Amino acid sequence: EAGVTQFPSHSVIEKGQTVTLRCDPISGHDNLYWYRRVMGKEIKFLLHFVKESKQDESGMPNNRFLAERTGGTYSTLKVQPAELEDSGVYFCASSQDLTGLDGYTFGSGTRLTVV
Amino acid sequence: GQQLNQSPQSMFIQEGEDVSMNCTSSSIFNTWLWYKQDPGEGPVLLIALYKAGELTSNGRLTAQFGITRKDSFLNISASIPSDVGIYFCAGQLGGGSNYKLTFGKGTLLTVNP
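Residues numbered from 1 in each chain as written. Chains lettered and ligands numbered in written order. Predicted model: local features only at pLDDT ≥ 70, side-chain atom pairs only at ≥ 80, totals over all residues. Heavy atoms only, no water.

A. Structural view of the overall build of chain A. The number of helices and strands found in chain A is zero helices and 11 strands. Expected size for 115 residues packed as a compact globule is a radius of gyration near 13 Å; at 13 Å, chain A falls within 12% of this value. Counted over contacts in chain A with a minimum sequence separation of 6, partners at least 24 positions apart contribute 53%. Within the structure as shown, chain A displays about 5500 Å² of accessible surface, and the carbon and sulfur contribution to it stands at 48%. Positive and negative side-chain charges in chain A, numbering 12 and 14 respectively, have mean positions lying 6 Å apart. (Helix = DSSP H or I, 4+ residues; strand = E, 2+ residues; numbered from the N terminus. Rg over C-alpha atoms; globule rule 2.2 N^0.38 Å. Contact = heavy atoms within 4.5 Å. Areas by Shrake-Rupley, 256 points an atom, 1.4 Å probe, with all protein chains shown as cover. Lys, Arg positive; Asp, Glu negative; His and termini not counted. Charge placed at Lys NZ, Arg CZ, Asp CG, Glu CD.)

B. Structural context of the side chain of Gln92 of chain B. Positionally, Gln92 of chain B belongs in strand E9 (residues 85-92). Side-chain polar atoms of Gln92 of chain B contact the backbone oxygen of Thr99 of chain A, separated by 2.8 Å. Other than its neighbours up to four places away in sequence, Gln92 of chain B contacts Thr99 and Leu101 of chain A together with Phe29, Asn30, Thr31, Asn98, Tyr99, Lys100 and Leu101 of chain B. (Polar contact = N/O pair within 3.5 Å; in protein donor to acceptor, adjacent residues only side chain to side chain.)

C. How the structure looks around the sheet that holds strand E7 (residues 65-68) of chain A. All names here are of chain A. Within the open sheet, the four strands sit side by side as E1-E3-E8-E7. Their pairing is antiparallel. A strand with exactly one partner marks an edge of an open sheet, and here the two such strands are strand E1 (5-7) and E7. Averaged over all pairs of adjacent strands, the angle between their axes in this sheet comes to 15°, without regard to strand direction. Relative to strand E3 (residues 19-24), E1 runs antiparallel, the two being bridged by three bridges. Following the sheet pairing, Thr5 is matched in E3 by Asp24. (Pairing = 2+ DSSP bridges. Axes fitted to C-alpha atoms, helices over the stretch in contact; angles between N-to-C directions.)

D. Focus on the state of the cysteines. Residue and element names in this part refer to chain B. According to the stated counting rule, one finds two disulfides over all chains in the structure shown. A sulfur-sulfur distance of 1.7 Å marks the disulfide that ties Cys23 to Cys89. Sign of the S-S torsion, about -75° for the bond between Cys23 and Cys89, identifies this disulfide as left-handed. Of this pair, Cys23 sits in strand E3 (residues 19-25) while Cys89 is found in strand E9, placing the two residues 66 residues apart along the sequence. A single burial state applies to Cys23 and to Cys89, both of which are buried. (Disulfide = S-S within 2.5 Å. Buried < 20%, exposed > 50% of the residue type's maximum accessible area, 1.4 Å probe, protein only.)

E. The arrangement of the sheet that holds E3 of chain B in detail. Residue and element names in this part refer to chain B. Within the open sheet, the five strands sit side by side as E1-E3-E8-E7-E6. Their pairing is antiparallel. Two strands lie at the open edges of the sheet, namely strand E1 (4-7) and strand E6 (55-58), each paired on one side alone. Adjacent strand axes in the sheet meet at a mean angle of 15°, parallel and antiparallel pairs treated alike. Judged from the six bridges that link them, E3 and strand E8 (residues 71-76) form a sheet pairing that is antiparallel. What sits directly across from Val19, in E8, is Ile76.

So this is what it looks like as C-alpha coordinates:
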(Lines give C-alpha, C1' and ligand atoms only; values in the text may rest on other atoms or scores of the structure.)
Protein backbone atom coordinates (compact mmCIF):
# COMPACT_ATOMS: atom_id res chain seq x y z
CA GLU A 1 0.00 0.00 0.00
CA ALA A 2 1.13 3.57 -0.58
CA GLY A 3 2.47 5.34 2.48
CA VAL A 4 1.68 8.76 3.87
CA THR A 5 2.51 11.38 1.27
CA GLN A 6 3.40 14.96 2.07
CA PHE A 7 3.76 17.86 -0.33
CA PRO A 8 5.88 19.85 -0.81
CA SER A 9 9.01 18.22 0.59
CA HIS A 10 10.64 21.62 1.03
CA SER A 11 9.32 25.16 1.10
CA VAL A 12 11.19 28.43 1.54
CA ILE A 13 9.02 31.49 2.04
CA GLU A 14 9.42 35.00 3.31
CA LYS A 15 8.10 36.16 6.62
CA GLY A 16 4.54 37.33 6.22
CA GLN A 17 3.72 35.03 3.33
CA THR A 18 1.26 32.18 3.36
CA VAL A 19 2.15 28.51 2.94
CA THR A 20 -0.11 25.48 2.63
CA LEU A 21 1.17 22.02 3.39
CA ARG A 22 -0.66 18.94 2.22
CA CYS A 23 -0.87 15.42 3.59
CA ASP A 24 -2.39 12.38 1.92
CA PRO A 25 -2.83 9.63 4.52
CA ILE A 26 -2.85 5.92 3.84
CA SER A 27 -6.13 5.05 2.13
CA GLY A 28 -8.76 4.02 4.64
CA HIS A 29 -7.02 5.55 7.64
CA ASP A 30 -9.54 7.66 9.50
CA ASN A 31 -6.98 9.10 11.92
CA LEU A 32 -4.62 11.79 10.73
CA TYR A 33 -2.09 13.66 12.86
CA TRP A 34 0.11 16.68 12.33
CA TYR A 35 3.40 17.07 14.22
CA ARG A 36 6.24 19.57 13.97
CA ARG A 37 9.92 19.44 14.81
CA VAL A 38 11.70 22.74 15.25
CA MET A 39 15.48 22.45 14.78
CA GLY A 40 17.16 20.70 17.70
CA LYS A 41 13.96 20.27 19.64
CA GLU A 42 11.48 17.46 20.14
CA ILE A 43 8.76 16.48 17.71
CA LYS A 44 5.61 18.20 18.96
CA PHE A 45 2.00 17.27 18.43
CA LEU A 46 -0.16 19.80 16.62
CA LEU A 47 -3.51 18.14 16.06
CA HIS A 48 -5.45 14.96 15.41
CA PHE A 49 -8.31 14.43 12.95
CA VAL A 50 -10.75 11.57 13.04
CA LYS A 51 -12.20 11.61 9.56
CA GLU A 52 -13.04 15.27 8.97
CA SER A 53 -13.46 16.17 12.66
CA LYS A 54 -10.77 17.66 14.89
CA GLN A 55 -10.39 15.19 17.76
CA ASP A 56 -7.65 17.12 19.51
CA GLU A 57 -6.14 20.45 18.44
CA SER A 58 -4.45 21.25 21.73
CA GLY A 59 -1.01 21.49 20.12
CA MET A 60 -1.79 24.17 17.56
CA PRO A 61 0.54 27.07 18.42
CA ASN A 62 -1.73 30.00 17.56
CA ASN A 63 -4.44 31.18 15.20
CA ARG A 64 -2.00 31.64 12.34
CA PHE A 65 -2.25 27.89 11.83
CA LEU A 66 -5.33 26.42 10.18
CA ALA A 67 -5.78 22.71 9.53
CA GLU A 68 -8.54 21.24 7.44
CA ARG A 69 -9.58 17.79 6.31
CA THR A 70 -12.62 18.29 4.15
CA GLY A 71 -14.22 15.01 3.17
CA GLY A 72 -12.04 13.11 5.59
CA THR A 73 -9.36 12.26 3.05
CA TYR A 74 -6.33 14.50 2.59
CA SER A 75 -5.50 17.30 4.99
CA THR A 76 -3.98 20.74 4.59
CA LEU A 77 -2.14 22.84 7.13
CA LYS A 78 -2.01 26.53 6.30
CA VAL A 79 0.27 29.01 8.00
CA GLN A 80 -0.78 32.63 7.49
CA PRO A 81 1.13 34.85 7.94
CA ALA A 82 4.31 32.84 8.43
CA GLU A 83 6.81 33.94 11.08
CA LEU A 84 10.48 33.02 11.47
CA GLU A 85 9.76 30.70 14.40
CA ASP A 86 7.46 28.60 12.21
CA SER A 87 10.50 27.10 10.50
CA GLY A 88 10.87 23.39 11.04
CA VAL A 89 9.85 20.01 9.70
CA TYR A 90 6.13 19.32 9.62
CA PHE A 91 5.20 15.66 9.81
CA CYS A 92 1.89 14.06 9.04
CA ALA A 93 0.96 10.59 10.26
CA SER A 94 -2.05 8.37 9.84
CA SER A 95 -3.47 5.31 11.54
CA GLN A 96 -6.47 3.05 11.22
CA ASP A 97 -6.99 2.60 14.94
CA LEU A 98 -8.03 5.56 17.10
CA THR A 99 -5.17 4.91 19.55
CA GLY A 100 -2.64 5.12 16.75
CA LEU A 101 -0.72 2.19 18.15
CA ASP A 102 -1.66 -0.25 15.42
CA GLY A 103 0.74 1.35 13.06
CA TYR A 104 1.16 5.06 13.25
CA THR A 105 2.80 5.74 9.88
CA PHE A 106 4.63 9.00 9.35
CA GLY A 107 5.20 10.81 6.09
CA SER A 108 8.64 12.07 5.13
CA GLY A 109 7.78 15.57 6.27
CA THR A 110 7.76 19.05 4.78
CA ARG A 111 10.78 21.16 5.66
CA LEU A 112 9.56 24.74 6.00
CA THR A 113 12.05 27.59 6.10
CA VAL A 114 10.78 31.09 6.78
CA VAL A 115 13.30 33.81 5.93
CA GLY B 1 2.78 20.05 29.46
CA GLN B 2 4.43 16.66 29.67
CA GLN B 3 8.10 16.50 28.72
CA LEU B 4 10.49 13.66 28.07
CA ASN B 5 14.18 13.92 28.86
CA GLN B 6 16.10 11.78 26.42
CA SER B 7 19.80 11.02 26.77
CA PRO B 8 22.35 11.02 25.48
CA GLN B 9 21.86 13.75 22.90
CA SER B 10 24.35 12.10 20.56
CA MET B 11 26.62 9.08 20.42
CA PHE B 12 29.57 8.24 18.24
CA ILE B 13 30.49 4.55 18.38
CA GLN B 14 32.45 1.90 16.55
CA GLU B 15 30.70 -0.79 14.54
CA GLY B 16 30.05 -3.82 16.72
CA GLU B 17 29.63 -1.89 19.96
CA ASP B 18 26.45 -1.95 22.02
CA VAL B 19 24.44 1.21 22.55
CA SER B 20 22.07 2.30 25.26
CA MET B 21 19.79 5.33 25.41
CA ASN B 22 16.99 6.27 27.77
CA CYS B 23 14.09 8.56 28.44
CA THR B 24 12.65 9.83 31.68
CA SER B 25 9.53 11.76 32.45
CA SER B 26 8.16 13.61 35.44
CA SER B 27 4.71 12.15 34.75
CA ILE B 28 3.51 8.69 33.82
CA PHE B 29 2.77 7.32 30.40
CA ASN B 30 0.73 4.21 29.68
CA THR B 31 2.57 3.39 26.47
CA TRP B 32 6.19 3.93 25.51
CA LEU B 33 7.44 3.81 21.93
CA TRP B 34 10.82 4.00 20.26
CA TYR B 35 11.20 5.43 16.75
CA LYS B 36 14.09 5.78 14.34
CA GLN B 37 14.39 8.56 11.79
CA ASP B 38 16.66 8.27 8.77
CA PRO B 39 17.74 11.45 6.94
CA GLY B 40 14.93 12.87 4.80
CA GLU B 41 12.40 10.39 6.12
CA GLY B 42 9.76 10.35 8.82
CA PRO B 43 10.08 8.43 12.09
CA VAL B 44 9.57 4.69 11.85
CA LEU B 45 8.30 2.67 14.79
CA LEU B 46 10.87 0.23 16.21
CA ILE B 47 9.32 -1.05 19.41
CA ALA B 48 6.10 -0.40 21.32
CA LEU B 49 5.75 -1.14 25.05
CA TYR B 50 2.32 -1.37 26.62
CA LYS B 51 2.85 -2.60 30.17
CA ALA B 52 4.98 -1.39 33.09
CA GLY B 53 8.01 -3.63 33.49
CA GLU B 54 7.67 -5.05 29.99
CA LEU B 55 10.89 -6.00 28.21
CA THR B 56 10.57 -6.41 24.44
CA SER B 57 13.06 -7.32 21.76
CA ASN B 58 13.06 -6.74 18.02
CA GLY B 59 16.15 -8.32 16.51
CA ARG B 60 19.19 -6.55 17.94
CA LEU B 61 16.97 -4.01 19.70
CA THR B 62 15.70 -4.40 23.24
CA ALA B 63 13.51 -1.91 25.07
CA GLN B 64 12.00 -1.79 28.52
CA PHE B 65 9.03 0.04 30.00
CA GLY B 66 10.06 1.24 33.45
CA ILE B 67 8.16 -0.11 36.44
CA THR B 68 7.24 3.42 37.57
CA ARG B 69 5.86 4.15 34.06
CA LYS B 70 8.07 7.23 33.99
CA ASP B 71 11.01 5.89 32.04
CA SER B 72 12.14 3.61 29.25
CA PHE B 73 15.42 2.52 27.71
CA LEU B 74 16.49 1.20 24.33
CA ASN B 75 19.52 -1.00 23.77
CA ILE B 76 21.06 -1.81 20.42
CA SER B 77 23.51 -4.69 20.38
CA ALA B 78 26.34 -5.23 17.93
CA SER B 79 25.75 -1.98 16.05
CA ILE B 80 26.11 -1.84 12.27
CA PRO B 81 26.50 1.17 9.96
CA SER B 82 22.82 1.20 8.99
CA ASP B 83 21.90 1.85 12.63
CA VAL B 84 22.92 5.46 11.98
CA GLY B 85 20.05 7.88 12.50
CA ILE B 86 18.07 9.73 15.13
CA TYR B 87 16.30 7.66 17.75
CA PHE B 88 13.26 9.12 19.48
CA CYS B 89 11.40 7.91 22.51
CA ALA B 90 7.71 8.78 22.73
CA GLY B 91 5.08 8.38 25.40
CA GLN B 92 1.35 8.16 25.11
CA LEU B 93 -1.05 8.64 27.97
CA GLY B 94 -4.03 7.11 26.15
CA GLY B 95 -7.68 7.04 27.10
CA GLY B 96 -10.30 9.67 26.30
CA SER B 97 -8.82 11.83 23.57
CA ASN B 98 -5.22 11.52 24.82
CA TYR B 99 -3.80 9.75 21.79
CA LYS B 100 -1.13 12.25 20.97
CA LEU B 101 2.49 11.28 21.35
CA THR B 102 4.98 13.21 23.47
CA PHE B 103 8.48 12.87 22.03
CA GLY B 104 11.95 13.21 23.47
CA LYS B 105 14.49 15.42 21.69
CA GLY B 106 16.19 12.46 20.08
CA THR B 107 19.56 10.70 20.22
CA LEU B 108 21.75 11.10 17.14
CA LEU B 109 23.65 7.87 16.61
CA THR B 110 26.75 7.72 14.43
CA VAL B 111 28.39 4.35 13.77
CA ASN B 112 31.96 4.32 12.55
CA PRO B 113 32.64 1.31 10.29
